[in-house]
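Next come the chains, spelled out residue by residue.
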Amino acid sequence: MPQFDYAAPQTLKEAVDLLEQARGRALPLAGGTDLIPQIRKAAKQPALLVDIKRIPQMSRLEFVPGKGLHLGAAVTCGSIMRHPQVRDMYPALGQACSQIGSRQVRNRASVGGNVCNGAPSGDSLPPLLVFEATAGITGVSGTRQTTLEELVVGPGRTTLGPSELLVEIVVPLPAAHSTSEYCRLSLREEMDIALVGVAVLLAVEPDTGRCLEARIALGAVAPTPIRVRDAETVLQGRKITERLLDRAADLAAGAATPITDIRASAEYRREMVKVLTRRGLKACLSRLTRQGGGRR
Amino acid sequence: MGKTPGTIKKTSIAVTINGESHELEVKPWQTLLDMLREVLHLTGTKEGCGDGNCGACTVILDGREVNSCLVLAPEVDGSEILTIEGLSVQGVLDPIQRAFVDHGAIQCGFCSPGLILTTRAFLAENPHPTEPEIRVAIAGNLCRCTGYDKIVRAIMSLARP
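Residues numbered from 1 in each chain as written. Chains lettered and ligands numbered in written order. Predicted model: local features only at pLDDT ≥ 70, side-chain atom pairs only at ≥ 80, totals over all residues. Heavy atoms only, no water.

1. Some points on the pattern of salt bridges
Link 1 in the chain: Taken as a whole and assessed by the stated rule, the structure comprises 30 salt bridges over all chains.
Link 2 in the chain: Notably, a salt bridge pairs B:E65 with A:R103, separated by 2.5 Å at the nearest N-O pair. Placement of B:E65 in strand β4 (residues 64-67) and of A:R103 in helix α6 (residues 103-106) is noted, with the two residues assigned to different chains.
Link 3 in the chain: By relative accessible area, which is 1% here, B:E65 ends up buried.
Link 4 in the chain: A relative accessible area of 10% places A:R103 in the buried class.
Link 5 in the chain: Its salt-bridge partner being A:E132, residue A:R215 comes within 3.6 Å of it at the nearest N-O pair. Remark: A:E132 occurs in the loop between α8 (125-130) and β6 (134-139) and A:R215 occurs in strand β13 (residues 211-219); sequence separation between them is 83 residues.
Link 6 in the chain: A network of salt bridges, in which partner residues are shared, links A:E132, A:E213, A:R215, A:R227 and A:E232. (Salt bridge = Lys/Arg side-chain N within 4 Å of Asp/Glu carboxyl O. Helix = DSSP H or I, 4+ residues; strand = E, 2+ residues; numbered from the N terminus. Buried < 20%, exposed > 50% of the residue type's maximum accessible area, 1.4 Å probe, protein only.)

Written out as structure tokens, the structure reads:
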């Protein structure tokens, strides 16, 4: 293992000061499940790792009734998927977290790391996009907020500066009468990267069956995870029929710009966007019907 | 890079390993796996892939199983760690170890410490799992000998109410 220095500050200020002083040669460390292998193969060569796990804000995992879910950047995927309110109110997020790595990996891997890696296939991102989550960021000159959609700008690229830290992700309350679903396809069911990931949030008026809100986000089929607003718009305000589902799935597939790589061809990925979008919407519909209207 | 406040070249940590407290000097880039094997000579924990795929290096850190090759030694300051050496009591195997032996769930034995510790953490969370749940739970532990069937049967034998 290449050598580096290690610091475990207890406050955000100390952490950003350390990053600032290191002038681009320091990296924040959360779960390390991606970073440590990258350092080992010299893909990243930090002089200093700033462990953020001793900073209290980074470990906050709290559902605030009437407000939403606070996810500190260092909160593990394992604790998110086990959290009762996540299972209840943010099923797509729990499903995505439960499909990242193995139990061992999920016990370390953080949601902040999954987001900041900016991988097109990062499983937590499509659900966070459909919930319209925001990011709280701290730097030497203060704090700022941004949407997660704006935070990730390209494969492996975010708008974070070298001495800025993602502190928390705030996930607003999902719409009334809504539920959500994350559908993912990979070559193996466990321990594999998504070929395609689709998160869907759907709200349907209980009496009329009219769609109150539809949000669809795709992972692994564009340089970043993306919302597909054209597909959402066709559902909005209408009673959802099989034909409308087909239409939305086609539009989602049309918005994808996948690549061909070792795992799958672009054509296959685009076709699977269609399948998974439909599957996600159907899963939401049947849950909403079963529960008589989802969450109120 | 100049020396920055709060950074150090060697750090001393306090950890409890298998119920015993230790004060250790570790290097920042030393993994928990290397610390266990090279400093404490607890060689029951194995290194397989070194990047979090095989689970041979699984230990239980503060109640949850982790890949010790992906954890840095300084990160575990103040923690409690359980390794395979901590399971048996005065030479008497723990029930999970016993079940693995009784079901022939061990061939070369390289994956066994990791699988047994994953099983321990998993059963603590879900004492009566179904077979599919067991198969998902051990997805992060590769075994190249047994084809997993005997391992799954060993875990099933512990899972029955």
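Here the narrative resumes.
2. Some words on the sheet that holds strand β4 (residues 61-64) of chain A
All names here are of chain A.
Link 1 in the chain: Ordered by their spatial adjacency, five strands build an open sheet running β4-β5-β10-β6-β7, and the pairing between neighbours is antiparallel. Of all strands in the sheet, those bounded by a partner on one side alone are β4 and β7 (142-147). Geometrically, the sheet is characterised by an average inter-axis angle of 20° between neighbouring strands, direction not taken into account.
Link 2 in the chain: Pairing of β6 with strand β10 (residues 165-172), which is carried by five bridges, proceeds in the antiparallel orientation. Paired with T138 across the strands is L165, a residue of β10.
Link 3 in the chain: Set on the sheet, helix α1 (residues 12-22) makes contact with β6 and β10; between it and β10 the angle comes to about 130°. (Pairing = 2+ DSSP bridges. Axes fitted to C-alpha atoms, helices over the stretch in contact; angles between N-to-C directions. Contact = heavy atoms within 4.5 Å.)

Everything listed here is a matter of coordinates, which is why it stays silent on function.
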